[in-house]
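# Structure at a glance
Letter by letter, the chains look like this.
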Amino acid sequence: PLLNQEILNILKKNPVAQERLLKTFKRMLKFYGLSLNEEQMTIGKHENWETCKMNWVTSDNHNHLRITRILDFLVKMGRYDLAQAFY
């Protein structure tokens, strides 16, 4: 479903939605072999990096589009800090 600005504004203010956003974002990072340092708001390689990178660090991989969508959604949800770290 497409999110309109009204729904996005509601979700931005909802602490449960923000908590779930962070949890889901961390899950996706782990899929990519990455992890979030919340204190420094940086993203680095997870212990599973070597295994995970083989699934997506290739040219013309569909996960690149997925990453673009994640970045777009983080910005729309007002999580510029996470989007910048992931970028």
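See the structure above.
This one's a predicted model, so the numbers in the text were calculated from it and none came from an experiment. (Residues numbered from 1 in each chain as written. Predicted model: local features only at pLDDT ≥ 70, side-chain atom pairs only at ≥ 80, totals over all residues. Heavy atoms only, no water.)

A few words on the pattern of salt bridges. Within this structure, the stated rule accounts for four salt bridges. For Lys 76, the salt bridge identified is with Asp 72, shortest N-O distance 3.2 Å. Highlighted residues: Lys 76 and Asp 72, both in helix H4 (residues 62-76), separated by four residues, approximately one helical turn. Note on Lys 76: relative accessible area 41%, which makes it partly exposed. One salt bridge connects Asp 81 with Arg 79, and the closest N-O pair in it is separated by 2.9 Å. (Salt bridge = Lys/Arg side-chain N within 4 Å of Asp/Glu carboxyl O. Helix = DSSP H or I, 4+ residues; strand = E, 2+ residues; numbered from the N terminus. Buried < 20%, exposed > 50% of the residue type's maximum accessible area, 1.4 Å probe, protein only.)

Residues Leu 3, Ile 7 and Phe 73 make up a contiguous nonpolar surface patch of roughly 230 Å² in combined accessible area. By secondary structure assignment, the location of Ile 7 is in helix H1 (residues 5-13). Take Ile 7: its relative accessible area is 37%, and that puts it in the partly exposed class. (Patch = residues over 30% accessible without salt bridge, like charges linked within 9 Å, V, L, I, M, F, W, Y side chains within 5 Å. Areas by Shrake-Rupley, 256 points an atom, 1.4 Å probe, with all protein chains shown as cover.)

Ranked by size, the top nonpolar core spans 18 residues in total, and within it Phe 25, Tyr 32, Leu 74 and Phe 86 carry the most contacts. Of all elements in the fold, only helix H2 (15-31), strand S1 (34-37), helix H3 (49-56), H4 and helix H5 (80-86) reach the threshold of two or more residues within this core. Sequence-distant contacts of Phe 86, that is, excluding residues within four places in its chain, are made with Phe 25, Leu 29, Tyr 32, Leu 34, Ile 43, Ile 67, Ile 70 and Leu 71. (Core = buried A, V, L, I, M, F, W, Y, C linked by side-chain atoms within 4.5 Å. Contact = heavy atoms within 4.5 Å.)

Relative to the helices and strands, Met 77 resides in the loop between H4 and H5. With relative accessibility at 4%, the residue Met 77 sits in the buried group. On a C-alpha basis, the gap between Met 77 and Leu 11 in space is 7.3 Å, while along the polypeptide they are 66 residues apart. Residue contacts for Met 77: discarding those within four places in its chain leaves Leu 8, Leu 11, Lys 12, Gln 18 and Leu 21.

Taking every second residue as pointing to the same face, the buried face of S1 carries Leu 34 and Leu 36, while none of Ser 35 and Asn 37 on the other face is buried. Bridging between S1 and strand S2 (residues 42-45) involves four bridges; their strand directions are antiparallel. Bridge pairing links Leu 36 to Ile 43 in S2. What sits between S1 and S2 in their antiparallel hairpin is a turn of four residues, with Met 41 showing a positive phi close to 50°. (Pairing = 2+ DSSP bridges.)

For the structure shown, the criterion picks out five aromatic pairs. Three or more aromatic residues joined by ring pairs form one cluster here, namely Phe 25, Phe 31, Tyr 32, Trp 49, Trp 56 and Phe 86. (Phe/Tyr/Trp six-rings, centres within 6.5 Å; stacked < 30°, edge-to-face > 60°.)

Function cannot be read off these values alone, since they describe shape.
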